[in-house]
Amino acid sequence: MHTIQRNFDIISLNNDLEHLFTLPNFPVFMGCVQQPKQEDLTHDLNFYISAATGMIQLNPVLPLDIVYQSEHNPGTTGQGWLDHHAAFSKFVLKHNPTKVFEIGGAHGILSQYAIDQNPKLEWTIIEPNPVAIPNLKAQMVKGFFDSVKQIPQGTDTIVHSHVLEHVYEPRKFMAMLSLLPQGTKMIFSVPALRAHLQQLFTNTLNFEHTYFCTEEYILWLCKSYGYELIDKHDYNTDHSVFYAFVRTAAVPAPLPLYPDLYQENKTMFMNWVQFHKNLVDSMNLQIRNTNSKVFLFGAHVFSQFLLSFGLDESRIECILDNSQAKQGKRLYGTNLMVHSPKILKQPYIPKVILRSGVFNQEIKQDIINNINHTTLFLE
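Calculation notes
Residues numbered from 1 in each chain as written. Predicted model: local features only at pLDDT ≥ 70, side-chain atom pairs only at ≥ 80, totals over all residues. Heavy atoms only, no water. Buried < 20%, exposed > 50% of the residue type's maximum accessible area, 1.4 Å probe, protein only. Helix = DSSP H or I, 4+ residues; strand = E, 2+ residues; numbered from the N terminus. Pairing = 2+ DSSP bridges. Right-handed = clockwise from strand over helix to strand, strands pointing away. Contact = heavy atoms within 4.5 Å. Salt bridge = Lys/Arg side-chain N within 4 Å of Asp/Glu carboxyl O.

### What to know about the pairing of strand β6 (residues 122–127)
Here comes step 1: Among the 6 residues that make up β6, 5 are buried, leaving the element largely enclosed by the rest of the structure.
Here comes step 2: Judged from the 5 bridges that link them, strand β5 (residues 99–103) and β6 form a sheet pairing that is parallel. Bridge pairing in β6 places Val100 opposite Trp123.
Here comes step 3: On the question of chirality, the crossover connecting β5 to the parallel β6 by way of helix α3 (residues 109–117) is right-handed.
Here comes step 4: Examined bridge by bridge, β6 and strand β7 (residues 139–142) share 4 bridges and lie parallel to one another.

Below, the structure written as structure tokens:
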């Protein structure tokens, strides 16, 4: 498979990367498929850190058409994501946009919330794998964002939600946006990746989230390319962070000093690695010594990580997921089929492995309150 070498620190552009850890033969796609397993592709997931800035990043990265070979329903299932979109739409509207260009809008739910509150708002979405919700009021354009020429004339606000952490070369991305007129606003949401790594969430970096997109680096990038911070909101403690920037008159010169987070980030990451080795060892011991049926929740990269760390797939009945679009399919890179959690409605005490980060509590409450109150969770 063709790969894209990224031998340089994406912040400083220095060739100073130090290898941290490798998960061999990791699935290249985090969605669900109907194809035979022998058609699935894998590649080593290699983590590096910059000696100068402490940026943790993947090298190499994979072609976009491999990683994003189809839409896999991010941000469409569960009340937690709907609440995020509703809150972020209010944050966007707080800054009085009139003509919005959204990068990577996927389904269009965010735009619908905003337009419902302001029907005069013009909104265009560019998205490589559009799966638009019914009666979408925004204009949807299929494609990757790679030029400011794609932005309609008169646009006063750029919006993106959980997109910046997917960009392979964020300096090039910001350099493009630095060409926009003075006064243009850029408003975006990103996952709270530093909190996620600190709290040992199973998924922080992967073939989609290819670098540690945290506040220190975000502020450096935006300031370096002429954007001034005007507003910020920490959403739901450790779910996401909302930012609003405005394009200033000129790119500052010289560039601000690079953040230096080498020791802090390295320590956090290696703690994450050791935690998951120990966690999977403990889970394997528990599931091998139980007579209960064992299920794995989440037809997504959370589960792929646990299996790559050595979780015993042969002891798992299937994967549970609330997304109807995933049910009846197979999680890419595994032999496990996906079913609705409703199959837990049986007169037994099932065990569910659950490592879904900020969504854990919502998932547990739904299963306990609505499906099977005897369910035991391994976390």
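### Some words on the environment of Lys185
Here comes step 1: Tracing the sequence through the fold places Lys185 in strand β9 (residues 185–191).
Here comes step 2: Since its relative accessible area comes to 22%, Lys185 is described here as partly exposed.
Here comes step 3: For the pair Lys185 and Thr248, spaced 63 residues apart in the sequence, the C-alpha separation amounts to 9.5 Å.
Here comes step 4: The residues touching Lys185, leaving out its near neighbours within four places in the chain, are His95, Asp156, Thr157, Ile158, Phe245 and Val246.

### Some points on the pattern of salt bridges
Here comes step 1: Overall, the coordinates contain 12 salt bridges when judged by the stated rule.
Here comes step 2: Residue Arg330 is joined to Asp40 by a salt bridge in which the shortest nitrogen-to-oxygen separation is 2.6 Å. With Arg330 in strand β14 (residues 330–331) and Asp40 in the loop between β2 (32–33) and β3 (42–50), the pair connects residues that are 290 residues apart, well separated along the chain.
Here comes step 3: With relative accessibility at 8%, the residue Arg330 sits in the buried group.

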